[in-house]
Amino acid sequence: RSCGVVHWRRRGLACSPFLSDSPPWSGRLICAVRALCARCRGSPMDCVAGRRGRQVVRIACVGEHTPRGRRARLRCGGLLVANLVLQVVFTLSVSHAGALSDTDGVDSKLDAFRRWFEDRGGRAPAVDVARVRTGFGVIARADLNDGDLVVSAPLDSVVIWRESIEAAASAREKRLYGKIKSTEHVMVAFLLRERALGSSSEWAPYIDLLPDHIALPFLFSPSELDALQSAADVDYALRMRSDLKAAHSSLQVTIRALLKDPSIPKSRASKFSSVESFLWAAAIVGSRAITLRGERFLVPFADLSNYAADTVYREAGAGSHYERYHKLDVASRSFQVFADRRLRARDEVLEDYGDSSNHIYLHHHGFIPDSNPFDCVEMPLPSLESASASAAALSARRALMRSLQMPALVSACLSPNHTPVEAEEYLALRSLDNDGLARCKSAMRGPDATGASVRRACLDGELPDVVYTELAAKVDERLSRYPTTAEADRRLLRIADAQGQFHAADGGHDQPASSLFQLRLSDNERLAIRYRLSRKALLASLQVHFLEMAGTPRRLQSHQNEPEELPLERTTGLSHSVHLRRSVGRLNSWLQEGGKRGSPLLRGVKLRLSVAPAAGQGAPARERVVVVAGEHVVSGDKFGIAADAVLDWHSATRFAPLTAPGVWLALQQAFPGSGSPHSVANQSLAGKHPQDDGAGFVAREHAIILQIIHTRFVASSDSPWAAFVALFPGPDDAASPLLFK
């Protein structure tokens, strides 16, 4: 192209720009440099611009042996500096102009989508769509509290689901959609038709925001699948691809009929009826659609919210947490999404997608969370046969499983924080000895025998150490099958990231020929490496956990797939974690059936104690005991603890060692006026409080202290309060100034 400067062209200057794809004004910069350099041009010399690829690398004057040339050389030296400065300005300006033009294109799409969403009755009062680090996202325009409305989308005009698709279709289209049995495939066919319509589609502003590529493994190439290093994951992805191709084959005639429209050119109809387009649409629906009340919904605006695990601990609840913040409002016929955490203005609106593992997020959503408290790894369980010394014992275990209607589990999804109840019960039944089997048979013959009571009587005990040793060996075998270590994977990602940054900084040009090695990883390969790295880290933590539970303070040494950081208590002896879990289990059992005649001590809303993962990122952070709800609890719901379970001055006055000769006498001597234990007990029975003078109060407080000391260090498991006192923090855990050095 000509730079378009006629005056310079008349002077005979070469005015074509160096960058053929640069904007017209860039040619003027280059022409300006050459016009300046032309001043040093004499009859025996010329000004030469050297180039390497697209870049000007030097400007020099030839014929510099003359005095005039030497003077011109000085001018050309200054011109070289000027040229370099202009090139920097030019490069930055082109990059900035490109970024602005790209942003303008994206912004126009976002503006069109906002108008479309609002015109069709959608409401997003406190949020907006915007570009974020990972692509598109939702940004808070004002502070949001937990439970505040984020998006309300009308079911009839915005939300894409079977009912709205068929309601908006013509009679012919409705008949074709009716031939498709699967709701998900109806949505796939709808997306293909609307995308083929292009700008004439009523849904064009939404479809324009959909990505062209979704990183789902069933779309991976063979080399990208190999990067998963997992035959099970590869088989899972290939089965998904095979099932979708079979679905496309059976629906191809219907889809082609839907694409027969005067507004759709034949070339576009052919393109969007292909198997590649079908896989794209299936990936969009599979990764973005929401399942609620057995229906699938694509909810524009809401499907732009990215994932982050909720910071408040909870136990897995089969999707109940997600359903709490995603609702179908029958009265307004809208799909409503609420904030599941507090957010400040200008924060990205993130949401917890539910209680799923990284396997689900990879294969069905196309990403790997940075942190996922519900991640687990599918592991084979020891077989029933391997624990049976005789045919009679094996037959007895199988008969017990049939009576309790328990499945013979082959595998389970395990993590250090959670083992499924059915897996725990299976392993407990597998570990029963002859006495345990006899106890179960006796419990089953009881007059009040129920499935739950029999399971409590038979399967609530702690698993023997040998079970955890077997599980640790299976984890070790799984780790040994990986061809690379966790550290090698981390190093691979660091190298690829570093070279990617160099490549980007170099403007996307090829690296110098002097580079000995170039590591080119596709986005799918990076995702696959991150996934396999998360599997190895979780397996290593799981192995440590099982060996701790077995009382083995070591790890198997067959493979070096250790976690990047291990909490301190997981490296020495029987850990705080194991003690905590066992203590919590005993306390839950006591609260459920520790009252008179086995009645529960905890009443009202269903609550239980659980062990939550360590808070914070520091290595010394320990797991903690939390109260979790077995059902949805709202502010104002009540629960109660039976008076018999409470440690207070009532229990202290009934506490036998405290009434022993000399004990209360010592308290009376230390705190005159405190009264005798019998008088305090009589006042308690009469519903009266003892005199609240200082001496009496301190005496009662010390009575409780004595009861705790006796329970913790003397009575041990013989005390009714043993399970409760066992959870009190020890001297190394308490933060009382009384214990400061």
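On a predicted model such as this, the values are computed, not experimentally measured, just so you know.

1. So, the overall build of the chain
Here is step 1: Helix and strand content of the chain: 26 helices and 17 strands.
Here is step 2: For the chain, buried positions account for 42% of its 741 residues.
Here is step 3: Entry remark: accessible area of the chain is about 39,700 Å², with carbon and sulfur atoms responsible for 54%.

2. Considerations on the side chain of arginine 430
Here is step 1: Here arginine 430 shows up in helix α15 (residues 421-430).
Here is step 2: At 2.9 Å, the side chain of arginine 430 and the side chain of glutamate 470 are in polar contact.
Here is step 3: When near neighbours in sequence (up to four residues on either side) are disregarded, arginine 430 contacts Pro382, Ser383, Leu384, Ser386, Ala387, Arg397, Val467 and Glu470.

3. Thoughts on the confidence of the model for the chain
Low-confidence regions, as indicated by low pLDDT, have predicted coordinates that should not be scrutinised in detail.
Here is step 1: Confidence in the prediction of the chain, expressed as mean pLDDT, is 76, and 71% of residues score 70 or more.
Here is step 2: Below a pLDDT of 50 lies the segment residues 1-28, which in the model reaches 47 contacts outside its immediate sequence neighbourhood of four places, other chains included.
Here is step 3: Under a pLDDT of 50 for its full length, residues 616-621 has, in the predicted model, 9 contacts with residues more than four places off or in other chains.

4. A look at the sheet that holds strand β9 (residues 326-329)
Here is step 1: Read across the open sheet, the 3 strands follow the order β5-β10-β9; overall the sheet is antiparallel. In the strand order of this sheet, the two ends are held by β5 (149-154) and β9, each with one partner. Ignoring strand direction, the axes of neighbouring strands in this sheet form an average angle of 20°.
Here is step 2: Taken together, the 5 bridges between β5 and strand β10 (residues 334-338) define a ladder with antiparallel strand orientation. Within β10, the position partnered with proline 154 by the bridge is serine 334.

5. Considering the environment of leucine 244
Here is step 1: Assignment of secondary structure puts leucine 244 in helix α9 (residues 231-258).
Here is step 2: On the basis of relative accessibility, which here comes to 14%, the residue leucine 244 falls in the buried class.
Here is step 3: Taking the C-alpha atoms as reference points, leucine 244 and phenylalanine 278, separated by 34 residues in sequence, lie 8.1 Å from one another.
Here is step 4: Apart from the residues lying within four places of it in its own chain, the contact partners of leucine 244 are Phe218, Phe278, Leu279 and Ala282.

6. Let's talk about a positive patch on the surface
Here is step 1: A cluster of basic residues, Arg172, Arg175, Lys179 and Lys260, forms a positive patch at the surface.
Here is step 2: Turning to its location among the elements, lysine 260 is positioned in the loop between α9 and α10 (266-272).

7. A closer look at the environment of alanine 443
Here is step 1: Structurally, alanine 443 is set in helix α16 (residues 434-444).
Here is step 2: C-alpha of alanine 443 to C-alpha of arginine 455: the two residues are 12 residues apart in sequence and 9.1 Å apart in space.

8. Things to note about unusual backbone geometry
Here is step 1: Of note in this structure, arginine 333 is not a glycine but carries a positive phi near 45°.
Here is step 2: By secondary structure assignment, the location of arginine 333 is in the loop between β9 and β10.
Here is step 3: Looking at arginine 333, the relative accessible area reads 32%, which means it is partly exposed.
Here is step 4: Positive phi values are uncommon outside glycine, yet glutamine 405 reaches one of about 55°.
Here is step 5: Take glutamine 405: it is sitting in the loop between α14 (391-403) and β13 (411-414).
Here is step 6: On the basis of relative accessible area, glutamine 405 is assigned to the exposed category, the value being 71%.

9. Structural notes on the pairing of strand β12 (residues 377-380)
Here is step 1: What you see with β12 is a clean split: Val377 and Met379 sit on the buried side and Glu378 and Pro380 on the side with no burial.
Here is step 2: Note: β12 against β13, 4 bridges, orientation antiparallel. Each residue of the ladder has a partner; that of proline 380, found in β13, is serine 411.

Calculation rules
Residues numbered from 1 in each chain as written. Predicted model: local features only at pLDDT ≥ 70, side-chain atom pairs only at ≥ 80, totals over all residues. Heavy atoms only, no water. Helix = DSSP H or I, 4+ residues; strand = E, 2+ residues; numbered from the N terminus. Buried < 20%, exposed > 50% of the residue type's maximum accessible area, 1.4 Å probe, protein only. Areas by Shrake-Rupley, 256 points an atom, 1.4 Å probe, with all protein chains shown as cover. Polar contact = N/O pair within 3.5 Å; in protein donor to acceptor, adjacent residues only side chain to side chain. Contact = heavy atoms within 4.5 Å. pLDDT = per-residue confidence, 0-100. Pairing = 2+ DSSP bridges. Axes fitted to C-alpha atoms, helices over the stretch in contact; angles between N-to-C directions. Patch = residues over 30% accessible without salt bridge, like charges linked within 9 Å, V, L, I, M, F, W, Y side chains within 5 Å. Salt bridge = Lys/Arg side-chain N within 4 Å of Asp/Glu carboxyl O. Lys, Arg positive; Asp, Glu negative; His and termini not counted. Charge placed at Lys NZ, Arg CZ, Asp CG, Glu CD.

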